[in-house]
Structures are given as structure tokens and as C-alpha cells.
Amino acid sequence: VLCVSEEFDFFYFVVQWPGSYCDTKNHCCYPKSGKPAADFGIHGLWPNYKDGSYPSNCDPDALFDESQVRFLIKMTQVTILVYCFCLFFVYNMEQLTDLMSKMQKSWPTLSCPSNDGLKFWSHEWVKHGTCAESELDQREYFEAALKLKDKVNLLQILKDAVIKPDDRFYDLDKIKDAIEEATGFTPGIDCNIDSSHNSQLYQIYQCVDTSGSDFIQCPRLPRSRCPSRVQFPKF
Ligand code: 5GP
Ligand code: 5GP
Ligand code: 5GP
């Protein structure tokens, strides 16, 4: 059956706290580019339906998309070679290396074994991004996520509310209220369990319109595994 890219109602923009990914019994690995900043990192931009369900893997041809991302990197390398010959390529190279360095900074992978992130980014594109192809092509999808990350500084918002990654426990409601007050919208909060069995702040979900550019009130909040008090671990 031919699979056309589906309509969807909104995006979840999901960021993860690296400290909470890394202190579970599964551990984590830092990307090849080094230890990520002590900041929320992008997990993904996920098309969703209002009823809580969501489409995934919408483009069978996208299976080859890892090679497309690799192609972008190859392009960058090739571009370096022709740097002296063509200004167009120079411009292109700047854009691509800029995108890559932004991806490494804002969307670091923490999975093992240590890698450069291509696998994570390509997984997110194939599973989620392809379901928004009616709105965003691959490049626009990654750029939209990076822009959303820069729009709201969640860590600063929490710090301003004296909620810090210091291994202490905080009221879930205080976390939500701080983000709601600063952004105007209620976030979804998801928790995971560290190796000492404490529930901790793992992911923050913000809802975004189908163009991928503006935060909106969530048509539906994601499921949450958080108790009323959660740990905010150091990283
Ligand atoms: P987990 O079970 O770890 O929360 O989620 C596993 C994976 O399922 C996520 O990485 C994501 O790909 C997908 N997923 C979980 N919840 C949602 C959701 O509400 N919307 C979408 N689009 N994907 C989700
Ligand atoms: P989801 O399917 O939940 O959108 O994405 C999770 C997938 O991406 C898993 O297969 C996981 O192994 C991989 N992955 C690679 N790096 C990371 C990371 O830093 N955080 C998370 N949550 N998943 C990652
Ligand atoms: P994905 O392979 O691996 O579908 O992973 C499923 C879930 O396992 C992800 O949502 C992620 O939270 C977790 N996970 C996957 N790989 C790792 C890892 O290397 N370290 C940690 N701590 N969790 C992982």
C-alpha cells in the first residue's frame, strides 16, 4: 500500500535531561564530540493526534535517510575541497557545518556505544519526521527543532524558580507552574528511575503547532510517570 504523509494535529517537542538519562542502570555514553552541556537536549519533534495516538514511520523510502544525512556530511567535506573554487559551495558549507554543530550542541545523543549522533537524528527523522513531511522537509524538520530549543530556555526558567539540578527533590507542580508561568503553556513532564530507584525529571514535553514554529497549549498532555515529588539530578 502506498503510504502518503499523513495529516496530524500538533507536535510534541520533547527535551531530555542528560543527568536523568545517564544515571539509570543502563548508563549512557557521551557523544564523540564530548560531554554535552549541562542543559536539556532535544529528544525529538513528534507529530501527534489529539486523541493521544500518533503516526510513525510514514515514508518507506526514508529507510535510506541515514545515508542522506551522511550525504550532508560528505557534502560538507567535499565542499571544503572546492572552497577556493566556488562561493556557492562556501555558502553551502557554512550552512551545513553550522547545522551540524548546532545539532551536536542542542541534540546530543547519549546512547551507547559512543557515536556522533547520526543514528539518533536519523531514527527521529524516520520514525517521527517523515510523518510531518506535508509540513517540513528533512532540513526544515531539524531546523524547526533547533529553533524551538532556542526559543525557550527551560533550564533557566527552572533555575529562576529555584529548581536546580542539584540532586534534590522538587514538587512536580512547582516545576509545571514555573514553566507555565514563563511560557504561558502547561508542559508535560515525564520521569524515569535512577539506579537507586528514585523517580526523577527525565523529559519535558511542549506542544507546537503543525508548522513546527510556535508553542501552543497542549491539545492533550502526554502520559506521565511522575510521582508528586521528583529528583532533579546533577549532570
Ligand atoms: P517511552 O516509552 O520511552 O516513553 O517512548 C518510547 C518511544 O515511543 C519514544 O521515543 C517515541 O518515539 C514514542 N512515543 C512515546 N510517546 C509518544 C507520544 O505521545 N507521541 C509520539 N509521537 N511518540 C511517542
Ligand atoms: P524514540 O523512539 O523514543 O523517539 O527514540 C529513542 C531511540 O533513540 C532509542 O532507540 C534510543 O536508543 C535512541 N537514542 C539514541 N540516543 C538517544 C538519547 O540521547 N536519548 C534517547 N532518549 N534515546 C536515544
Ligand atoms: P530505544 O532503543 O532504545 O527504543 O530505547 C528504549 C528506551 O530505553 C529509550 O526510551 C531510552 O529511555 C532507553 N535507553 C535506550 N538506550 C539507552 C542507554 O544507552 N542508556 C539509557 N540510560 N537508556 C537507554
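Reading the values: the criteria
Residues numbered from 1 in each chain as written. Chains lettered and ligands numbered in written order. Predicted model: local features only at pLDDT ≥ 70, side-chain atom pairs only at ≥ 80, totals over all residues. Heavy atoms only, no water. Salt bridge = Lys/Arg side-chain N within 4 Å of Asp/Glu carboxyl O. Helix = DSSP H or I, 4+ residues; strand = E, 2+ residues; numbered from the N terminus. Buried < 20%, exposed > 50% of the residue type's maximum accessible area, 1.4 Å probe, protein only. Disulfide = S-S within 2.5 Å. Near = heavy atom within 4 Å. Polar contact = N/O pair within 3.5 Å; in protein donor to acceptor, adjacent residues only side chain to side chain. Areas by Shrake-Rupley, 256 points an atom, 1.4 Å probe, with all protein chains shown as cover. 1 Å grid on protein atoms, 1.4 Å probe; cavity = no way out; pocket = protein on both sides within 12 Å on 5 of 7 lines; lining within 4 Å. Sits in = over half its atoms within 2 Å of the grid points. Nonpolar A, V, L, I, M, F, W, Y, C, P; charged D, E, K, R; others polar. Contact = heavy atoms within 4.5 Å. Phe/Tyr/Trp six-rings, centres within 6.5 Å; stacked < 30°, edge-to-face > 60°. Lys NZ or Arg CZ within 6 Å of the ring centre and 35° of its normal.

Asker: Would you mind going over the pattern of salt bridges with me for this structure?
Answerer: A side chain of one charge can pair with a side chain of the opposite charge when the charged atoms of the two come close. If you walk through the whole model with that rule in mind, you get eight salt bridges. The salt bridge partner of Asp98 is Lys102, with a shortest N-O separation of 3.0 Å. Taken together, the residues Asp98 and Lys102, both in helix H3 (residues 87-106) and four residues apart, mark about one turn of the helix. The partly exposed category is assigned to Asp98, whose relative accessible area is 35%. In this structure, Arg225 and Asp190 form a salt bridge, with 2.7 Å as the shortest nitrogen-oxygen distance. Taken as a pair, Arg225 in the loop between strand E6 (215-216) and strand E7 (229-231) and Asp190 in strand E4 (residues 188-193) lie far apart in primary sequence, 35 residues in all. Under the relative-accessibility criterion, Asp190 is labelled buried at 1%. One connected set of salt bridges, linked through shared partners, spans Asp171, Lys174 and Arg229.

Asker: Where do I start with the state of the cysteines in this structure?
Answerer: Evaluated as defined, the whole model comprises five disulfides. Sulfur-sulfur distance for the disulfide between Cys58 and Cys131 comes to 2.1 Å. Across the S-S bond of Cys58 and Cys131 the torsion is about 95°, and the bridge reads as right-handed. Linking Cys58 in the loop between strand E2 (41-48) and helix H2 (65-81) with Cys131 in the loop between helix H4 (118-127) and helix H5 (138-151), this pair joins segments that are 73 residues apart in sequence. Here the two residues Cys58 and Cys131 agree in accessibility, since each one is buried.

Asker: Can you help me understand the site of ligand 1 in this one?
Answerer: For ligand 1, the full set of nearby residues is Tyr12, His43, Trp46, Pro47, Asn48, Tyr54, Lys127, His128, Arg223 and Arg225. Residue Lys127 places a side-chain N or O atom 2.9 Å away from an oxygen atom belonging to ligand 1. Compared with its free state, where it exposes 490 Å², ligand 1 has 73% of that area covered by protein. In a pocket analysis with a 2 Å cut-off to the grid points, ligand 1 is assigned to the largest pocket. Top contributing element to the shell around ligand 1 by residue count: E2, with four residues. Class assignment of the residues belonging to the shell around ligand 1 gives a composition of four nonpolar, three polar and three charged.

Asker: Teacher, can you tell me more about the side chain of Gln231 here?
Answerer: Structurally, Gln231 can be placed in strand E7. A polar atom in the side chain of Gln231 sits 3.5 Å from the side chain of Asn198. Sequence-distant contacts of Gln231, defined by excluding residues within four places in its chain, comprise Asp167, Arg168, Phe169, Asp194, Asn198, Ser199, Gln200 and Leu201.

Asker: It is not clear to me how the packing of aromatic side chains should be interpreted in this structure. Could you clarify?
Answerer: Ring pairs (aromatic) are described by centroid distance and by the angle formed between their planes. Using the criterion set out here, one finds 13 aromatic pairs in the structure. Taking 5.0 Å as the distance between ring centres and 70° as the angle between the ring planes, the aromatic pair formed by Trp17 and Phe232 counts as edge-to-face. A residue pair is termed long-range when its members are at least 10 positions apart, and Trp17 in the loop between strand E1 (10-16) and helix H1 (18-22) and Phe232 in the segment after E7 qualify at 215 residues. With respect to class, Trp17 is no different from Phe232; both count as buried. The interplanar angle of 80° and the centroid separation of 5.9 Å between the aromatic rings of Trp46 and Tyr205 together place this pair among those described as edge-to-face. Here Tyr205 lies in strand E5 (residues 199-208) and Trp46 lies in strand E2, a separation of 159 residues in the sequence. The exposure class of Trp46 is buried, given its relative accessible area of 14%. Three or more aromatic residues joined by ring pairs form one cluster here, namely Phe10, Tyr12, Trp46 and Tyr205. The positively charged end of Lys35 is found above the aromatic ring belonging to Phe235, 4.5 Å away from the centroid.

Asker: Help me understand the site of ligand 3, please; the structure alone is not making it clear to me.
Answerer: As a structural note, the neighbourhood of ligand 3 is formed by Tyr21, Thr24, Asn26, His27, Ser111, Cys112 and Tyr202. Between ligand 3 and Tyr21 there is a distance of 2.7 Å, counted from a nitrogen atom to a backbone nitrogen or oxygen. Relative to its unbound accessible area of 480 Å², ligand 3 is 45% covered by the protein chains. The residue makeup of the shell around ligand 3, split by class, is three nonpolar, four polar and no charged.

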